[in-house]
Amino acid sequence: MPSITASGLVVALGGTSILSGVELNVAAGEWLNIIGPNGAGKTTLLRSLLGTIDHEGRIEIGGFELDKPQDRARVLAYVPQSPVIPPGMYVVDYVMLGRTPHRGIFARDTDTDVEVAIDVLSRLDLAGFAEREVRSLSGGERQRVVLARALAQQADVLLLDEPTTALDLGHQQDVLDLVDGLRRERGLTVIATLHDLTLAARYGDRIALLADGRIVKSGAPTEVLTADVIAEHFGANVRIINEPDGPVIVPASPERIRR
Amino acid sequence: MTIEPARLRAGTLAAGFAVLLVAVVAGLGLGPVGIAPQAVLYALVDALPGVSADSGLSSIHEAIVQEVRLPRVVLGLLVGATLSVSGAAYQGAFRNPLVDPYLLGVAAGAGLGATIAITQNLGDGSGFTDLVPLSAFAGALFAVALSYGAGYIGGRSTASLVLAGVAVASFLTACQTYVLQANSDAFREVYSWILGRVATSGWSEPLLLLPYFVVAVAVMLRYRRALDILAVGDEEAQALGIDPRRVRIHVVVAASLGAAAAVSVSGLIGFVGIIVPHVVRLSFGTSYRVLIPLSILFGGAFMVLADLAARTLVEPAELPIGVVTAFLGAPFFVVVLRMSRREVW
């Protein structure tokens with residue numbers, strides 16, 4: 001099970017600095033939630049870990065720098081915020097795409113590839129959808145299918161970019177509960193970006209706050225999610241209610257608007 | 001319940017070959033001299049090296065099948081198959097349904113090359129030594145290289161490559177128009193070249209095209225699974241461990257080479273590269289594992305039948321094949337579009 005270390009991570013896109021020296025340590029088997037205001041560079045951080053954008057700095061996964069895309073894809077599985085769903089593609093074929101890092105691009109599917117895909121489909125209660133087109137599914141079903149593709153990669157690290165956007169409350173919980181269950185079952189390391197701070201506090205072990213291109217605060221939810229920190233970095237006026245299972249972040253009465 | 005990933009099923013492949021065989025037999029048997037399908041099949045087997053079969057035909061009729069019609073049918077098959085599979089591959093590489101193999105200027109470049117050769121009287125119509133197809137081929141490859149160069153300057157994205165292709169095509173078409181205006185006596189000959197034909201003088205045209213066909217088709221078949229991965233976009237494809245730019249350039253170079261060779265022997269036959277892949281998608285699904293092989297078979301069959309129509313509809317005159325592919329192809333496409341319930345793009 002690999003840990004992930006990023007040091008001195010710098011990314012500039014089109015001349016604009018997005019990340020300016022990110023330091024990140026994620027232990028094997030840990031679930032880290034990355035929070036931050038819009039434009040803080042959360043997605044960019046995930047993309048640099050994935051290796052899909054140019055970056056400076058050092059990224060080690062399980063102690064190794066993995067330069068070849070195929071090597072990374074065997075260790076890191078990615079669930080994008082808005083996945084591209086190809087028209088006419090069936091659920092089973094979409095999930096089979098997750099086997100690419102193992103199969104290579106020229107070889108035909110092996111029996112193992114098919115077995116893994118079927119196993120993942122049944123684990124995520126998607127067996128009945130296998131012959132449906134991905135585009136014909138609802139948002140919640142679709143999110144599970146994309147997760148299934150990531151699991152078919154049999155990677156030890158799951159990178160989730162806003163996995164709950166576009167889902168209603170029940171489906172948000174379903175997806176995150178599912179990830180939590182899979183993490184325990186398969187010993188996955190999870191790095192997720194989340195907008196909903198209460199959800200970020202409820203799921204996962206640790207929260208890292210990304211702002212101005214750096215990780216400005218990292219630790220247990222109660223340490224990171226304070227009214228002052230949120231006011232400073234999100235420009236939001238909130239009240240924190242500390243519940244036994246984590247802090248709840250609620251907007252304060254709208255003084256800010258009246259003022 | 002069994003769950004099976006997309007693949008080309010034996011029955012579908014057999015159906016593709018059957019359609020192609022029917023088209024070939026019709027192409028060989030129909031014309032001013034009608035020859036029965038059974039005799040055509042025997043003559044076809046007899047034409048294979050080292051095999052002899054008695055077709056029961058007179059030597060003149062056998063010569064019509066083997067020496068007049070067969071090279072032409074084979075050329076039509078190769079041209080149609082190449083243009084269709086190149087169109088399918090381009091659509092996959094650019095993830096765009098409206099793309100055809102002429103996107104990066106293959107047609108405009110070939111048109112300019114052919115126009116220069118024709119206006120300079122370089123053409124001798126003699127097959128292997130004829131400079132018109134050679135010049136067209138050079139023009140087509142030049143256009144693709146120019147598009148890639150311009151697209152690279154424009155920022156290496158797929159969109160900038162597409163736009164560069166549009167610019168290069170317009171530029172070369174303007175050059176071609178200028179050359180033609182300056183040599184208006186060649187107007188008729190150039191115009192007839194542009195409208196396309198699959199006429200042959202013996203086996204030289206099919207043999208010219210064959211090596212490019214083999215290479216281009218082999219590359220595109222090899223990349224059929226990669227094109228399915230590319231369908232999720234560059235970023236996700238990269239996250240799945242492949243290099244999308246590399247896949248794209250290999251596929252596009254192979255498809256352009258094939259298309260360039262096809263248009264240089266047959267002229268600018270339009271529509272095939274768009275219509276055939278879409279008919280296959282609507283009928284058999286969108287996976288490139290199925291689409292690439294079937295585009296070859298159905299593209300070949302479609303062109304053989306279009307050429308049959310081109311040479312028989314207004315006998316003894318011939319229609320330009322580019323007119324036939326669009327005139328018959330467009331309504332046929334609308335019917336398929338109407339009948340299919342699939343969402344393919």
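Residues numbered from 1 in each chain as written. Chains lettered and ligands numbered in written order. Predicted model: local features only at pLDDT ≥ 70, side-chain atom pairs only at ≥ 80, totals over all residues. Heavy atoms only, no water.

Colleague: Where do I start with the packing of helix 1 (residues 10-29) of chain B against helix 13 (residues 288-312) of chain B in this structure?
Modeller: All names here are of chain B. Where helix 1 meets helix 13, the closest approach of the two axes is 9 Å, and the angle between their N-to-C directions is 20 degrees. With respect to helix 13, the element helix 1 is oriented roughly parallel. In this structure, helix 1 crosses over helix 13, and the sense of that crossing is left-handed. Touching T12, L13, G16, F17, V19, L20, A23, V24, A26 and G27 of helix 1 are L294, L297, F298, G300, A301, V304, L305, L308 and R311, all from helix 13. For the contact of helix 1 with helix 13, the class distribution of residues is 14 nonpolar, four polar and one charged. (Axes fitted to C-alpha atoms, helices over the stretch in contact; angles between N-to-C directions. Helix = DSSP H or I, 4+ residues; strand = E, 2+ residues; numbered from the N terminus. Parallel < 35°, antiparallel > 145°, perpendicular 65-115°, else oblique. Left-handed = near helix turned anticlockwise from the far one by under 90°. Contact = heavy atoms within 4.5 Å. Nonpolar A, V, L, I, M, F, W, Y, C, P; charged D, E, K, R; others polar.)

Colleague: I'm lost on helix 8 (residues 204-222) of chain B in this one. Help?
Modeller: Since one α-helical turn is 3.6 residues long, residues separated by three or four positions face the same way. All names here are of chain B. End to end, helix 8 covers 28 Å across 19 residues, agreeing with the expected 27 Å (1.5 Å per residue, within 8%). Of all the bends in helix 8, the largest measures some 35 degrees and sits at L210, one to four residues before the proline P211. Turning to helix 8, its buried residues number three or more, namely S204, E205, P206, L209, F213, A216, V217 and M220. Tucked into the core, helix 8 has its buried residues touching helix 3 (59-94), helix 9 (224-230), helix 11 (244-266) and helix 13. (Expected span 1.5 Å × (residues − 1). Bend = angle between axes of the 7 residues up to and from the residue. Buried < 20%, exposed > 50% of the residue type's maximum accessible area, 1.4 Å probe, protein only.)

Colleague: What is the right way to read empty space enclosed by the protein from this model?
Modeller: Gaps left between atoms are located by rolling a probe of water-molecule size over the structure's atoms. Residues and elements named next belong to chain B. Scanning the model with the defined rule gives one cavity of 30 Å³ or more in all. For the largest cavity, the calculated volume is near 40 Å³. Lining the largest cavity, in full, are G27, R72, V73, G76, V304, D307, L308 and R311. Secondary structure elements with two or more residues in the lining of the largest cavity: helix 3 and helix 13. With four residues, helix 13 is the largest single contributor of residues to the lining of the largest cavity. In terms of residue class, the lining of the largest cavity is made up of three nonpolar, two polar and three charged. (1 Å grid on protein atoms, 1.4 Å probe; cavity = no way out; pocket = protein on both sides within 12 Å on 5 of 7 lines; lining within 4 Å. Points joined across faces, edges and corners; volume = space filled by probe spheres on them.)

Colleague: Whenever I open this one, the interface of chain B and chain A confuses me. Can you help?
Modeller: Often, the extent of an interface is quoted as the loss of accessible area on bringing the components together. Contacts between the two partners involve 30 residues from chain B, matched on the other side by 42 residues from chain A. Buried surface at the junction of chain B and chain A, both sides included, amounts to about 2900 Å², of which 58% is carbon and sulfur. On the surface where chain B and chain A come into contact, there are three salt bridges. The partner of B:E235 in a salt bridge is A:R47, with the nearest N and O atoms 2.5 Å apart. Counting every contact that joins chain B to chain A gives nine residue pairs in polar contact (both at pLDDT 80 or more). Going through the elements one at a time, helix 9 and helix 10 (234-239) of chain B are the ones with two or more residues in the side of chain B that touches chain A. (Buried area = accessible area lost by both parts, 1.4 Å probe. Salt bridge = Lys/Arg side-chain N within 4 Å of Asp/Glu carboxyl O. Polar contact = N/O pair within 3.5 Å; in protein donor to acceptor, adjacent residues only side chain to side chain.)

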